[in-house]
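Summary of structural features
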Amino acid sequence: FLSFSFGPQQIFRGRVRLLARTLESKGASVWLTEDKAEDDIIEAISRGLEQSILFVPCLTRAYMDKVNSLKSARFCAEWCAIEFSHALSSPAMG
């Protein structure tokens, strides 16, 4: 499960995609939010986290700001924190 902050950082987003594709080329199954086009993204993220054996937060200052504070009204701010918190509390990844 790759977790990263969406936003204007197109270069970083490209690097995360490259990481995902590289891992897939080595046989790994990679969960990346932007690859999921489901109606219930909350359920999709929860299911993706529960089925993952590894959580990889792709850290930037923006990501950590979002993890440390849910004060931002932007949609992705909450997802970074939710994904990170869920991964920390998951027995499968602990």
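Our structure's up above, just so we're on the same page.
Residues numbered from 1 in each chain as written. Predicted model: local features only at pLDDT ≥ 70, side-chain atom pairs only at ≥ 80, totals over all residues. Heavy atoms only, no water.

Two numbers describe a pair of aromatic rings. These are the distance of the centres and the angle of the planes. Inspection of the entire model under this criterion finds two aromatic pairs. With 4.6 Å between their ring centres and 10° between their planes, Phe1 and Trp31 make a pair best called stacked. Of the two residues, Phe1 sits in the segment before strand S1 (2-3) while Trp31 sits in the loop between helix H1 (10-25) and helix H2 (41-51), which places them 30 residues apart along the sequence. Comparing Phe1 with Trp31 shows no difference in burial state: the two are buried. Taken together, a centroid distance of 5.9 Å and an interplanar angle of 25° make the contact between Phe1 and Phe55 stacked. Here Phe1, found in the segment before S1, pairs with Phe55, found in the loop between H2 and strand S2 (56-57); they are 54 residues apart in sequence, far enough to count as distant. This pair shows no difference in class: Phe1 is buried, exactly as Phe55 is. Each member of the aromatic cluster is reached from another via a ring pair, and the members are Phe1, Trp31 and Phe55. (Phe/Tyr/Trp six-rings, centres within 6.5 Å; stacked < 30°, edge-to-face > 60°. Helix = DSSP H or I, 4+ residues; strand = E, 2+ residues; numbered from the N terminus. Buried < 20%, exposed > 50% of the residue type's maximum accessible area, 1.4 Å probe, protein only.)

Quick look at H2 now. Within H2, burial applies to Ala44, Ile45, Gly48 and Leu49. Summarising the axial view, the buried residues of H2 lie within an arc of 130°, below the 170-degree limit, and thus occupy one face. Exposed and oriented more than 90 degrees from the buried face of H2 are Glu50 and Gln51. (Arc of directions from axis to C-beta.)

What follows deals with helix H3 (residues 61-68). Within the span of H3, buried status applies to Tyr63, Lys66 and Val67. Mapping the buried residues of H3 onto a view down its axis gives an arc of 100°, with all of them on the same face. Among the exposed residues of H3, those pointing more than 90 degrees away from its buried face are Arg61 and Asn68.

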